[in-house]
Amino acid sequence: MNDIMENTAPVPEEALTSETPAPAAPAKKPVLSSKQIVNIIVTVVLCLGSVIMLFPFIWMVLATLKPHTEVYSTFFPHTWTVDAYKDMWESADYLMKGGMIRGFGNSFLTTVPVVIVQIIVSAFAAYAFAKLRFVGKNVIFLVLLATMMIPFAVIMLPQAWLYGQMHLTQGPLAVIIPKFFGSIGTVFFLRQFFYSIPDSITEAARLDGAGYTKTFISILFPLVMPAVATQAILSFIGNWNDFLGPLLFIDDKNWYTLPLLVNSLGGDAGTTEIPSVLAASLVSLIPIIIVFAAFQKKIIGSIVFSAVKG
Amino acid sequence: MQTVDIEETTAQAAASMGDTGIAPVKRESNPNHSLSHALQKKETLIGWLYISPMVIGLLVFTAIPFIMSLMAMFYNWDGIHGLIDSEVVGFKWFESIFRSDGMYAGQYWQAIGNTLIFAIQLPICLILGFFLAVAMNRDMKGVQAFRVIYYIPGVMSVVAIAIVWRNIFKEDGALNMMLISMGAKEGVKWLTSDFGVAFTVNLLLVWKGVGYSTLMYIAGLQSVSPDQIEAAKIDGANSWTILMKITLPALYPTIFYLFVTGLIGSLQMFNEPYILLGGYGTGNNGMTAVSFVYRYKDAGNYGLASVGAWVLAFMIFIVTAVQMYADKKRSEAE
């Protein structure tokens, strides 16, 4: 469903940071070596590309600082104003009691508990699949893997009906409760890490009299903590940005998450409201911007690792 | 590949049990011994306890909906009443899609067609990403920053992004205003005409997705040996030949992986066109296969929507099967 969620695997950060070793320096040294010339050209091209990559964001920020009459006609505002950020609260309030604040609350409610519970449940399962020997393990694991191949489009309709029958769609619970039962992607990811821990460690703990759960919590879980953190970050971004899930499973507008709220604002907006819709979009991105800025190395590293594996 | 993993573990587990000696060895050598039997029983219990949430979740939230969606194809189900209470209509929904005069045939195959049109971004991402990766793999200042910048659109909320794009590309939007101020007679119908929609949606997807391909390639490039490139240089190969004959082949596994996963993702496209166009587009020119499913879910025709979903799923299974076959061939070759 989500690019980030799908493409995850453990993280060697050297894959990111290491670069091709420089070729041997030429014997004679002209003012600029041919390598330097190429570097300059490449840098210029990549800079131009960066402008394209960042342009929509820059345009968005500037548009929120213009009066609505200027939104499309100018790039830099002639008149600077923060009205958009004031109007944003009102128009969101009109759509949903509590407005943007409520939207943030709903988004946190449908994201943070999910991230925490899903990771813990998945970690226990990953540990069982990696380290315990029990009847039916391989069969269940293969069945779980097979379910990853089922497209969401196939099961989303009966799921919507089922959640309705369970009275989950009137609130936010339909996008929370089902995710409490773990994520097979996370299990698969964490299982690799549990494999890499020598069995001698767990055996030693168990000989000291620690039970399975105690061994797991006090010894194994701390060892895979970096992997768990990576998964938590990716899961946060994936759940925060999720659109189709909440669209299908949240019936009551008062429980709309930020993406749904912003989409509704955008859908109903007249021309005069465009700056405030864009302001709401920008504000809805703030948690993602913070998480990405803080953890970009981990996030990018985790993507890169799946390539090394594949 | 997964099967191998499991076998490996079992072997590993057995081996390490041999190392540590004591209780596990007893259990290995004498499975009927009462103590080790009890231990094994306990481990089975604990194991099932730990995976029980996954198993329950699988049964309730995947297996039941899976079976229901299979059945729904043959029912006139409105998604309000129970499935079993609904009227059985046989192959009515199949006929409405597969017969050329079927009521929904035109719309469904248009949706499939649109989905494939919106997959044009995939080869573009793969080619563009390759050159970006080679550029960003150079030994020069700022490559780290470029890697991050090109990936930013990929992590941002699709809703926020699509709303910005809508305001840039709509008929009286920022881009057309600029074109007109530069002398164009009238704006381009980026979000309404068939070509405009195909172009804009693909552009959005390339913009959003190219950073991911680039990062994957950069990781793949670590496997290219510098010695091999040195040797080729000594043999007088130019940079382009080296790129095409050494670098590119080293990335074949990455390209294949990106293509297959990208295609599976692309076939399930929904968010970008739906939000960008605020629905299904002019004359449904932005409706994808998943949009079709969503639309008839909304319209209370779960039977038709399920058939639409399963036809799509069938296509995805074919792609997956081809991938598995190719993976098997490759691992056999190695």
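Turning our attention to the overall build of chain A. Per the secondary structure count, chain A includes 15 helices and zero strands. Long-range contacts, defined as pairs at least 24 residues apart, comprise 74% of the intrachain contacts of chain A with a sequence gap of at least 6. Accessible area of chain A: about 13100 Å², with a carbon and sulfur share of 68%.

Let us look at the packing of helix 6 (residues 121-136) of chain B against helix 7 (residues 143-155) of chain B. Residue and element names in this part refer to chain B. Between helix 6 and helix 7, the least distance of the axes is 10 Å, while the angle of their chain directions is 155°. Relative to helix 7, the element helix 6 lies roughly antiparallel. Between helix 6 and helix 7, the residues in contact are Leu-132, Ala-135 and Met-136 and Val-143, Phe-146, Arg-147 and Tyr-150, respectively. Split into classes, the residues belonging to the contact of helix 6 with helix 7 amount to six nonpolar, no polar and one charged.

For the rest of this paragraph, the subject is the environment of Tyr-50 of chain B. Structurally, Tyr-50 of chain B is set in helix 3 (residues 34-72). In contact with Tyr-50 of chain B, other than residues within four places in its own chain, are Phe-124, Ala-125, Tyr-127, Ala-128, Leu-132, Tyr-212 and Thr-213 of chain A. At 2.7 Å, the side chain of Tyr-50 of chain B and the side chain of Thr-213 of chain A are in polar contact.

This brings us to the interface of chain B and chain A. Across the contact, 114 residues belong to chain B and 114 residues belong to chain A. Between chain B and chain A, roughly 9800 Å² of surface is buried when both sides are summed, and carbon and sulfur atoms account for 72% of that area. Where chain B packs against chain A, one counts one salt bridge. A salt bridge links Lys-35 of chain A to Asp-139 of chain B, with the shortest nitrogen-to-oxygen separation between them at 4.0 Å. The interface formed by chain B and chain A contains 18 residue pairs in polar contact (both at pLDDT 80 or more). Of the residues forming the side of chain B that touches chain A, the biggest block, 24 residues, is contributed by helix 3 of chain B.

Turning our attention to the confidence of the model for chain B. Here chain B shows a mean pLDDT of 87. Residues at 70 or above account for 90%. Overall fold confidence (pTM) sits at 0.87, and the ipTM for the predicted complex is 0.86.

Another point: the packing of aromatic side chains. Taken as a whole, this structure holds 50 aromatic pairs over all chains when the rule is applied. On the numbers, 6.4 Å between centres and 10° between planes, the contact of Phe-131 of chain B with Trp-240 of chain B is stacked. Placement of the pair is Phe-131 of chain B in helix 6 and Trp-240 of chain B in helix 12 (residues 239-250), with a sequence separation of 109 residues. On the basis of relative accessible area, Phe-131 of chain B is assigned to the partly exposed category, the value being 38%. We classify Trp-240 of chain B as exposed; its relative accessible area is 52%. Lying over the aromatic face of Trp-255 of chain A, Arg-102 of chain A brings its terminal NZ or CZ to 4.5 Å of the ring centre. Cation over ring: Arg-295 of chain B sits above Tyr-280 of chain B, and NZ or CZ is 4.6 Å from the ring centre.

Counting residues in each nonpolar core, the largest one holds 165 residues, and the members touching the most others are Leu-46, Trp-59 and Met-100 of chain A together with Tyr-151 and Phe-292 of chain B. Per element, the largest residue contribution to this core is 15 residues, and it comes from helix 15 (residues 274-309) of chain A. When sequence neighbours within four positions are dropped, the list of residues in contact with Met-100 of chain A reads Met-88, Trp-89, Ala-92, Leu-258, Leu-261, Ala-280 and Val-283 of chain A. In this structure, Phe-188 and Val-228 of chain A together with Ile-46 and Tyr-50 of chain B belong to the second largest nonpolar core, which totals 35 residues.

A few words on the pattern of salt bridges. All names here are of chain B. Using the criterion set out here, one finds eight salt bridges over all chains in the structure. With its nearest N and O atoms 3.9 Å apart, the salt bridge here joins Arg-330 to Asp-327. Taken as a pair, Arg-330 and Asp-327 lie in helix 16 (residues 302-333) at a separation of three residues, close to a single helical turn. With relative accessibility at 30%, the residue Asp-327 sits in the partly exposed group.

Attention now moves to the side chain of Ser-306 of chain B. One can find Ser-306 of chain B in helix 16. The exposure class of Ser-306 of chain B is buried, given its relative accessible area of 2%. Sequence-distant contacts of Ser-306 of chain B, that is, excluding residues within four places in its chain, are made with Leu-157 of chain A together with Ser-69, Ala-72 and Met-73 of chain B.

This next bit is on the side chain of Thr-110 of chain A. Residue and element names in this part refer to chain A. Among the secondary structure elements, Thr-110 is positioned in the loop between helix 5 (99-109) and helix 6 (112-131). Polar side-chain contacts of Thr-110 include one of 3.1 Å to the backbone oxygen of Ser-107. Once residues lying within four places of it in the same chain are set aside, the contact partners of Thr-110 are Pro-172, Val-175, Ile-176 and Thr-257.

With that settled, the discussion passes to helix 8 (residues 152-165) of chain A. Residues and elements named next belong to chain A. With 14 residues, helix 8 should cover 20 Å at 1.5 Å per step; its first-to-last C-alpha distance of 19 Å lies within 8% of that length. The sharpest bend along helix 8 comes to roughly 25°, located at Pro-158. Those residues of helix 8 lying buried are Phe-152, Ala-153, Val-154, Ile-155, Met-156, Leu-157, Pro-158, Gln-159, Ala-160, Trp-161, Leu-162 and Tyr-163. Once helix 8 finishes, His-167 follows within two positions and takes phi at roughly 60°, a positive value.

Let us now look at unusual backbone geometry. Leaving glycine out, the prevailing phi sign among residues is negative, and the prevailing peptide bond configuration is trans. Unlike most non-glycine residues, His-167 of chain A shows phi in positive territory, near 60°. Within the element layout of this structure, His-167 of chain A appears in the loop between helix 8 and helix 9 (184-196). The phi dihedral of Asn-284 of chain B is positive, around 60°, even though this residue is not glycine. One can find Asn-284 of chain B in the loop between helix 14 (271-276) and helix 15 (289-298).

About the criteria used
Residues numbered from 1 in each chain as written. Chains lettered and ligands numbered in written order. Predicted model: local features only at pLDDT ≥ 70, side-chain atom pairs only at ≥ 80, totals over all residues. Heavy atoms only, no water. Helix = DSSP H or I, 4+ residues; strand = E, 2+ residues; numbered from the N terminus. Contact = heavy atoms within 4.5 Å. Areas by Shrake-Rupley, 256 points an atom, 1.4 Å probe, with all protein chains shown as cover. Axes fitted to C-alpha atoms, helices over the stretch in contact; angles between N-to-C directions. Parallel < 35°, antiparallel > 145°, perpendicular 65-115°, else oblique. Nonpolar A, V, L, I, M, F, W, Y, C, P; charged D, E, K, R; others polar. Polar contact = N/O pair within 3.5 Å; in protein donor to acceptor, adjacent residues only side chain to side chain. Buried area = accessible area lost by both parts, 1.4 Å probe. Salt bridge = Lys/Arg side-chain N within 4 Å of Asp/Glu carboxyl O. pLDDT = per-residue confidence, 0-100. Phe/Tyr/Trp six-rings, centres within 6.5 Å; stacked < 30°, edge-to-face > 60°. Buried < 20%, exposed > 50% of the residue type's maximum accessible area, 1.4 Å probe, protein only. Lys NZ or Arg CZ within 6 Å of the ring centre and 35° of its normal. Core = buried A, V, L, I, M, F, W, Y, C linked by side-chain atoms within 4.5 Å. Expected span 1.5 Å × (residues − 1). Bend = angle between axes of the 7 residues up to and from the residue.

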